[in-house]
Amino acid sequence: MNPLELARAEPGPAFTVTLDGRDIDALPGQTVAAALWAAGVTSWRGTRGEGRPRGIFCGIGVCFDCLVTVNDRPNQRACLVPVRPGDAIRTQEGTGHEH
């Protein structure tokens, strides 16, 4: 069953954000992580050093595994940041700062 139907949710109209230039549909009230997951994206950060893939882990802003760059601001916790129309989201490597 569709989760929206299960919860009897009636979100506003969908809008578009981008992940590394790719269009992603999002709904009002979603976090960046929720929008990415709904689009089938499960990893959006590489660890320092080895570049191992990371995405959402704790989902409550404690672990920092879901760090992403949103509108040129690195180190945003995707599980806490509400997605907004037109957001430019980028996968993040390591600390998110240029070397």
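What you see is a predicted model, and the numbers here were worked out from it, not measured in a lab.

Criteria and cut-off values
Residues numbered from 1 in each chain as written. Predicted model: local features only at pLDDT ≥ 70, side-chain atom pairs only at ≥ 80, totals over all residues. Heavy atoms only, no water. Helix = DSSP H or I, 4+ residues; strand = E, 2+ residues; numbered from the N terminus. Rg over C-alpha atoms; globule rule 2.2 N^0.38 Å. Buried < 20%, exposed > 50% of the residue type's maximum accessible area, 1.4 Å probe, protein only. Areas by Shrake-Rupley, 256 points an atom, 1.4 Å probe, with all protein chains shown as cover. Lys, Arg positive; Asp, Glu negative; His and termini not counted. Charge placed at Lys NZ, Arg CZ, Asp CG, Glu CD. Pairing = 2+ DSSP bridges. Salt bridge = Lys/Arg side-chain N within 4 Å of Asp/Glu carboxyl O.

Asks: Just to check I follow, could you spell out the overall build of the protein for this structure?
Replies: Looking only at helices and strands, the protein has two helices and eight strands in total. Along the protein, helices and strands appear, N-terminal first, in the series α-β-β-α-β-β-β-β-β-β. The C-alpha atoms of the protein give 14 Å as radius of gyration, which agrees with the globular expectation for 99 residues (13 Å, within 12%). Counting all 99 residues of the protein, 32% fall into the buried class. For the protein, the computed accessible surface area is about 6,300 Å², with 52% contributed by carbon and sulfur atoms. Averaging the positions of the 10 positive and the 11 negative side-chain charges in the protein gives two centres separated by 8 Å.

Asks: I keep staring at the pairing of strand E6 (residues 73–77) and nothing clicks. Help me out?
Replies: Looking along a regular strand, one sees side chains alternate from face to face of the sheet. Alignment of strand E5 (residues 67–70) against E6, held across three bridges, turns out to be antiparallel. In the sheet register, Leu67 faces E6, and the bridge partner there is Arg77. Remark: two residues form the turn of the hairpin made by E5 and E6, two consecutive strands paired antiparallel; Asn71 in that turn has positive phi of roughly 50°.

Asks: Help me understand the pattern of salt bridges, please; the structure alone is not making it clear to me.
Replies: Opposite charge on two side chains allows them to pair when their charged atoms are near. Within this structure, the stated rule accounts for four salt bridges. For the salt bridge of Glu50 with Arg52, the shortest nitrogen-to-oxygen distance reads 2.8 Å. For Glu50, a relative accessible area of 59% puts it in the exposed group. Residue Arg52 is classed as partly exposed on the basis of its relative accessible area of 46%. Across the pair Asp65 and Arg54 runs a salt bridge, and its minimum N-O distance is 3.9 Å. Note that Asp65 is positioned in the loop between strand E4 (53–54) and E5 and Arg54 in strand E4, a separation of 11 residues in sequence. For Asp65, a relative accessible area of 18% corresponds to the buried category. Overlapping salt bridges, with partners in common, bring together Arg45, Arg54 and Asp65 in one network.

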